[in-house]
Amino acid sequence: MASSTLPITSALLKATLKFREWIGGEDKINEWCHNLAVEGGRRLAERWGTRVMDPNGELTWNMVRLLSPHDSPHFLIAVIL
């Protein structure tokens, strides 16, 4: 890293940490991400006609697992994305 970028990097890091604290800290961020994953997984499973592998979200942190809808044309799109 060039020495001229150090002050900018330091300032951005400080601002990022302040922002994360301002919105509620790491626990709040993880709670939001968890809820987004669980709800998004539920909606996607409903749309694809499959189901979430962890329906209660107890084993899900910030990513969700769905059963593969083998006959769905959307499956290939999901793998690519």
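Not measured: the values here are computed from a predicted model.

Scoring rules and cut-offs
- Residues numbered from 1 in each chain as written.
- Predicted model: local features only at pLDDT ≥ 70, side-chain atom pairs only at ≥ 80, totals over all residues.
- Heavy atoms only, no water.
- Helix = DSSP H or I, 4+ residues; strand = E, 2+ residues; numbered from the N terminus.
- Buried < 20%, exposed > 50% of the residue type's maximum accessible area, 1.4 Å probe, protein only.
- Contact = heavy atoms within 4.5 Å.
- Areas by Shrake-Rupley, 256 points an atom, 1.4 Å probe, with all protein chains shown as cover.
- Expected span 1.5 Å × (residues − 1).
- pLDDT = per-residue confidence, 0-100.

Within the chain one finds three helices and zero strands. Listed N to C, the secondary structure of the chain is α-α-α in terms of helices and strands. Among the 81 residues that make up the chain, the fraction classed as buried is 15%. Residue pairs at least 24 apart in sequence account for 30% of intrachain contacts in the chain once pairs closer than 6 positions are excluded. When the accessible area of the chain is evaluated, it comes to approximately 6900 Å², of which 63% is carbon and sulfur surface.

In this model helix α2 (residues 25–48) runs 34 Å from its N-terminal to its C-terminal C-alpha over 24 residues, within 8% of the 34 Å that 1.5 Å per residue would give. Taken together, the buried positions of α2 are occupied by Gly-25, Ile-29, Ala-37, Gly-41, Ala-45 and Trp-48. Residue Gly-49 follows α2 closely and has a positive phi angle near 70 degrees.

Let us now look at helix α1 (residues 6–22). For α1, spanning 17 residues, the distance from its first C-alpha to its last is 24 Å, which sits close to the expected 24 Å at 1.5 Å a residue. The buried count for α1 comes to zero of 17 residues, which makes it a mostly uncovered element.

The next subject is the confidence of the model for the chain. Averaged over all residues, the pLDDT of the chain equals 83, while 80% of them reach at least 70. For the chain, helix α3 (residues 74–80) is the element with the lowest average pLDDT, namely 52, and α2 is the one with the highest, namely 93.

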